Amino acid sequence: MAKEAMDAWRAKLRKIYGIYTGVFVLFVVSLWIFETMGLDPKFIGYAFLFGTIGVYAAIGIISRTSIVAEYYVAGRKVPAVFNGMATASDWMSAASFISMAGALYLQGYDGLAFIMGWTGGYVLLAVLIAPYLRKFGQYTIPDFLESRYGGKLPRLIGIICALIVSLAYLVAQITGVGIITSRFLGLTFELGVFVGLAGILVCSFLGGMRAVTWTQVAQYIILIIAYMIPVVAISYKHTGVPIPQVMYGQALQVIEEKQKQLKDDPKEVEVREIWKKRAEDLNQKIKALPDSWAKEKSELEEKIKTLPSDDLKRVEAEKALKAYPKTPDEAKEKWTADMKTAQGMSKPPKSYVQPPTDSKGIINFLALTFCLMVGTAGLPHILMRFYTTPTVKEARNSAAWALFFIFLLYFTAPAYAAFARSEILTNIVGQAFTALPAWATKWAGVGLITIKDLNGDGIIQFAEVRIHADAVVLATPEIAGLPYVIAGLIAAGGLAAALSTADGLLITMSNAISHDLYYKIINPNISPSTRVKIGKALLLVVAAIGAYIATYKLAIIVELVAWAFSIAAATFFPAVVFGIWDKRMNRAGAVAGMIVGLTVTLYYLIGSRFYGLDWFGIKTIASGIFGIPANIIVALIVSRLTKAPDSEIQNFVDNIRYPKGAVGAGKEE
Amino acid sequence: MVEKETLERYWRETKKNMLIILFIWAIVSYGAALIASSLNSIVIFGFPMGYYMGSQGAITVFVLLNLYNSIYQNKLDIKYGLAEEE
């Protein structure tokens with residue numbers, strides 16, 4: 001596009017999204033006014049859900065297309081700032097929006113691995129990858145692997161890795177959508193999943209990358225507004241200054257002081273002893289499996305048989321039997337988890353701000369941070385976004401913008417966590433059970449907060465309060481005493497985060513099959529319009545598979561998302577970076593590296609999670625720490641032992657290293 | 001066609017820039033994490049510095065590094081006549 005046309009296009013985008021933001025703020029304010037006039041909270045929830053999904057659908061319909069370049073790379077005319085916003089919401093999922101602050105609350109310093117890990121990757125992206133990928137100027141990451149290394153094998157490995165990495169991630173997003181819609185709107189989980197899915201599909205199906213991009217920008221604006229408002233309010237309430245990012249230092253001081261007091265408090269010690277005993281009991285039970293499982297089961301059944309049907313104890317026993325593990329294996333999994341919780345609660349709270357003191361803790365912290373950073377820079381749905389900018393320069397700038405937009409949320413999350421923790425320590429602990437604030441009772445009702453009087457003294461001890469990671473963000477509006485409209489806003493924000501990520505993943509997977517596998521390997525003779533049609537059909541198939549798996553609500557899904565980072569880090573990242581920075585890297589090296597990286601990572605992931613494998617005490621979540629170096633070393637050695645790439649490939653590498661002569665924006669390709 | 005020698009010089013400067021940025025990147029994240037407990041003895045405005053580097057310090061530096069990278073590389077493109085035609 002000519003410069004003038006580009007400037008006019010930018011001005012138009014700024015205007016559209018400026019108006020959109022204004023309208024959204026008005027929408028929130030008017031709902032708030034309606035609330036004060038007595039509108040039922042249920043309708044506020046519906047207004048947020050259908051209002052926002054309606055907007056996404058409208059953008060999807062306006063952006064519909066069947067042109068290849070538009071469908072795959074949004075016509076390569078997404079200006080840096082907007083690609084930055086789209087990347088930010090593509091990147092930030094339900095985990096960032098809802099769970100991350102909770103992880104910080106629960107883990108203290110250890111949780112910071114997520115803050116640094118999920119942002120540090122963007123430095124790698126901007127410096128090592130983004131501009132060069134844009135200069136290369138095709139459609140997918142497997143495209144890059146084939147062009148750089150030659151032959152179908154690199155492409156095929158790329159396809160397999162892209163599908164493995166994206167599927168678990170997609171299921172987690174769809175699950176997130178189901179949870180948010182069911183919790184806030186009282187829909188059933190399954191219905192919530194399908195309402196959300198409609199919101200996802202109406203964008204990607206009609207307009208591919210083009211619609212997904214412009215929707216993601218809209219979703220970023222909603223999610224960042226939704227994240228900021230409650231924490232600004234709580235900061236104002238606690239400190240009198242509405243800048244949480246600066247003021248939470250006070251909360252940190254309160255936390256440290258309070259926790260010191262609680263360390264030797266006799267009542268706290270008493271509760272911790274109860275937890276300790278529980279952990280020991282569970283340990284005994286696990287050791288005595290499978291007999292202990294059968295014995296307890298028959299005891300429950302016996303109780304139900306002997307007690308009269310109106311006895312309360314019988315109702316309790318029936319409930320317990322219903323929730324009872326179905327098999328000894330299931331019992332082992334559940335009891336082990338319970339035992340770990342009890343063990344954790346039996347220890348005095350560790351310092352919130354101190355790093356781990358043992359070498360194992362420090363190694364795991366560093367390893368996890370590293371895996372998350374490298375994995376971020378290797379996720380195909382993020383890498384793909386850098387094909388969509390008009391120029392190489394803008395690809396580089398958009399990586400910087402993306403980090404800035406992500407930074408706004410990540411810079412705020414630690415404040416959320418600290419305010420929530422100091423609130424619990426000062427306003428909950430030490431209260432009588434009868435004086436619990438309303439929000440604590442409400443969130444206890446849905447199981448996000450558990451407060452039980454274990455030692456029977458009628459006073460709440462810190463060791464009696466258990467909080468689910470999701471509760472921190474979800475319950476903050478009520479902790480701060482904000483109107484219900486803010487809770488609806490949070491739901492809309494979480495939904496935007498989950499939907500935008502799901503959109504990006506869905507399109508990555510559908511492209512991997514339709515473009516990379518079918519068009520590039522199986523049948524290169526199909527027409528452009530058929531390519532797009534096949535891509536659209538596959539979107540539906542992949543979405544249906546994702547939703548189907550999500551309805552099983554497997555507990556392992558959350559863990560699998562963390563696995564995706566290690567896998568991406570140990571496969572794509574080295575192959576792409578070597579492809580740009582190492583001219584001597586050849587097909588044999590890259591392929592061997594990716595295969596070894598994937599194998600080592602999967603071996604440790606599965607081995608450490610299920611079979612007690614343990615190398616240097618590294619936890620499952622940081623498995624990539626073995627796969628990344630394995631890939632790099634194998635790739636370097638194998639490439640040096642085999643023939644150097646021919647001059648054509650060498651020229652190709654030279655060519656992607658400088659911006660001049662890149663594929664232009666808005667071209668029919 | 002871009003001359004090979006121009007490209008080599010451009011790439012050498014690009015590499016140097018990359019190494020400098022990644023060095024700072026590693027120091028503020030991994031380096032700061034390694035000495036976090038001693039940094040924590042410094043408290044500014046309520047923030048123990050070790051915790052602060054992990055929660056906000058490092059990511060602020062990341063944003064600045066990317067900003068610097070954009071400015072530096074965009075200038076470098078022009079200096080060597082390798083920028084895109086507008």
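Small disclaimer: the values here were computed from a predicted structure and weren't measured.

Chemist: Describe the overall build of chain B, with residues and values.
Modeler: Broken down by element type, chain B carries 3 helices and 2 strands. Put simply, chain B runs from its N terminus to its C terminus through helices and strands in the order α-α-β-β-α. By principal-axis analysis of the C-alpha atoms, chain B measures approximately 55 × 25 × 10 Å. Among the 86 residues that make up chain B, the fraction classed as buried is 53%.

Chemist: Could you give an account of the layout of surface pockets, with specific residues and numbers?
Modeler: All names here are of chain A. Here the second largest pocket is characterised by a volume of approximately 780 Å³. Forming the walls of the second largest pocket are 23 residues, and the residues nearest its centre are R278, K334, D338, K452 and R466. Elements with a minimum of two residues in the lining of the second largest pocket: helix 11 (266-287), helix 12 (291-306), helix 13 (312-323) and helix 14 (328-345).

Chemist: Any details on the packing of aromatic side chains? Residues and values, ideally.
Modeler: All names here are of chain A. For the coordinates displayed, the defined rule picks out 46 aromatic pairs over all chains. Within the aromatic cluster, the residues linked to one another by ring pairs are W91, F114, W118, Y122, Y169 and F565. Its guanidinium or amino end placed over the ring of W9, K77 lies 5.9 Å from that ring's centre, counting from NZ or CZ.

Chemist: Can you lay out empty space enclosed by the protein for me, pointing to particular residues and giving the numbers?
Modeler: Residue and element names in this part refer to chain A. In the structure shown here, the tally under the stated rule is 5 cavities of 30 Å³ or more. Its boundaries defined by the atoms lining it, the largest cavity holds a volume of some 80 Å³. Breaking the lining of the largest cavity down by element, the ones donating at least two residues are helix 2 (41-62), helix 8 (152-185) and helix 21 (484-522). Across the lining of the largest cavity, the residue classes break down as 8 nonpolar, 3 polar and no charged. As for the second largest cavity, its lining consists of Y105, A420, I424, W439, I449, I467, A471, V472, A475 and I479. Elements supplying a minimum of two residues to the lining of the second largest cavity: helix 18 (413-428) and helix 20 (471-479). A total of 4 residues in the lining of the second largest cavity trace back to one element, the largest contributor, which is helix 20. In terms of residue class, the lining of the second largest cavity is built from 10 nonpolar, no polar and no charged.

What counts as what
Counting from 1, residues in each chain are numbered in the order their sequence is written. Numbering of ligands from 1 and lettering of chains from A proceed in the order in which they are written. pLDDT decides what is reported in this predicted model: residues at 70 or higher carry local features, side-chain atom pairs at 80 or more are listed and counted, and totals for whole chains, interfaces and linings draw on all residues regardless. Water and hydrogen atoms were dropped before computing side-chain values, which therefore reflect all heavy atoms in the structure. A run of DSSP states H or I qualifies as a helix once it reaches four residues; a run of E qualifies as a strand once it reaches two. Both are numbered from the N-terminal end. Partly exposed residues are those whose accessible area sits between 20% and 50% of the maximum for their type, while under 20% is buried and over 50% is exposed, using a 1.4 Å probe and protein chains only. Only protein atoms enter the 1 Å grid used here, on which a cavity is any set of points holding a 1.4 Å probe that cannot leave and a pocket is any open set flanked by protein within 12 Å on both sides along at least five of seven lines; residues with an atom within 4 Å of a point are listed as lining. Grid points are joined across faces, edges and corners, and a volume is the space filled by probe spheres set on the points. In this scheme Phe, Tyr and Trp rings, the latter by its six-membered ring, pair at centre separations within 6.5 Å, and the angle between planes marks the pair as stacked below 30 degrees, edge-to-face above 60, and tilted otherwise. Placement of a charge over a ring requires the Lys NZ or Arg CZ to be within 6 Å of the ring centre, with the centre-to-atom vector within 35 degrees of the ring normal. Gly falls in the polar group here, along with every residue not listed as nonpolar (Ala, Val, Leu, Ile, Met, Phe, Trp, Tyr, Cys, Pro) or charged (Asp, Glu, Lys, Arg).

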